[in-house]
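# Fold and geometry: a report
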Amino acid sequence: MRPFTSLAPRRGRPRKFPAPSRAVTLTLPEDVLASLSAVDADLSRAVVRVAQTTGPARAARPPAELVKFGGRAVIVVNATRTLERQTGVLLIPLSDGRALISFDETMTVARLELGIEDALEDHLLTPVDRRVFTAIREILKSARRSDNVTLRQRNIIVLESQRARRRRSK
């Protein structure tokens, strides 16, 4: 079974979460509701974000995974500076401690795959980093070989402070 057969749009309302879920009713104090609303306007997503950043489920996450929305998906990874150093990508932090992979105009998906392959040959790569690199490689390879998926490069907006940019250029 290929992992991308589920990228096809489903009939009905789109899923809010990638994992199985169910409706629950909660009675919460108003101050807690206000705090959750500050995390996300959608209270169920706010509860999930808070639970993901504080609970044991955070450690159980795969090193890299597809996060789907409708017929599109992005790769979300456990943040590692080694991925940035070895491949030249920039990781965009997410609220749950993971990150999106982004890169400038000079980088391509093919170059990223080659960089990952090269990094995996490095015997000094830590086991944690090796799992992240391997998971990304498998996602990209599977997508490239799939008849149901098209890999597309998209741009995102990244706001970078002046101080961080000066430090990065040194």
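Summary of the structure given here. (Residues numbered from 1 in each chain as written. Predicted model: local features only at pLDDT ≥ 70, side-chain atom pairs only at ≥ 80, totals over all residues. Heavy atoms only, no water.)

## Section: the environment of Arg49
What counts, and what does not: By definition, any uninterrupted DSSP run of H or I lasting at least four residues is a helix, any uninterrupted run of E lasting at least two residues is a strand, and each is numbered from the N terminus. Burial here depends on accessible area, computed with a 1.4 Å probe over protein chains only, as a share of the maximum for the residue type. Under 20% is buried, over 50% is exposed, and the range in between is partly exposed. It only takes one pair of heavy atoms within 4.5 Å for two residues to be counted as in contact.
Relative to the helices and strands, Arg49 resides in helix 2 (residues 43–54). Classification of Arg49 as partly exposed rests on a relative accessible area of 32%. Counting along the chain gives 47 residues from Arg49 to Asp96, while the straight-line C-alpha distance between them is 6.3 Å. Here Arg49 is in contact with Val39, Asp40 and Ser95, once residues within four sequence places are set aside.

## Examining a nonpolar patch on the surface
For clarity, the cut-off: Candidate patch residues must exceed 30% relative accessible area and have no salt bridge, after which like charges are joined if within 9 Å and Val, Leu, Ile, Met, Phe, Trp or Tyr side chains if within 5 Å. Computed by Shrake-Rupley with a 1.4 Å probe, the accessible areas treat only the displayed protein chains as cover when residues are assessed. A side-chain nitrogen of Lys or Arg and a carboxyl oxygen of Asp or Glu constitute a salt bridge if their distance falls within 4 Å.
On the surface, a cluster of nonpolar side chains totalling about 390 Å² of accessible area is made up of Val24, Leu26, Leu28, Val32 and Val47. Summarising the element assignment, Leu26 is placed in the segment before helix 1 (30–39). Overall, Leu26 belongs to the exposed group, its relative accessible area being 55%.

## Side note on the pattern of salt bridges
One pass over the full model with this rule turns up six salt bridges. A salt bridge links Arg81 to Glu84, with the shortest nitrogen-to-oxygen separation between them at 2.6 Å. Residue Arg81 and its partner Glu84 are located together in helix 3 (residues 81–87), separated by three residues, close to a single helical turn. We classify Arg81 as exposed; its relative accessible area is 57%. Across the salt bridge formed by Glu113 and Arg144, the nearest N and O atoms sit 2.9 Å from each other.

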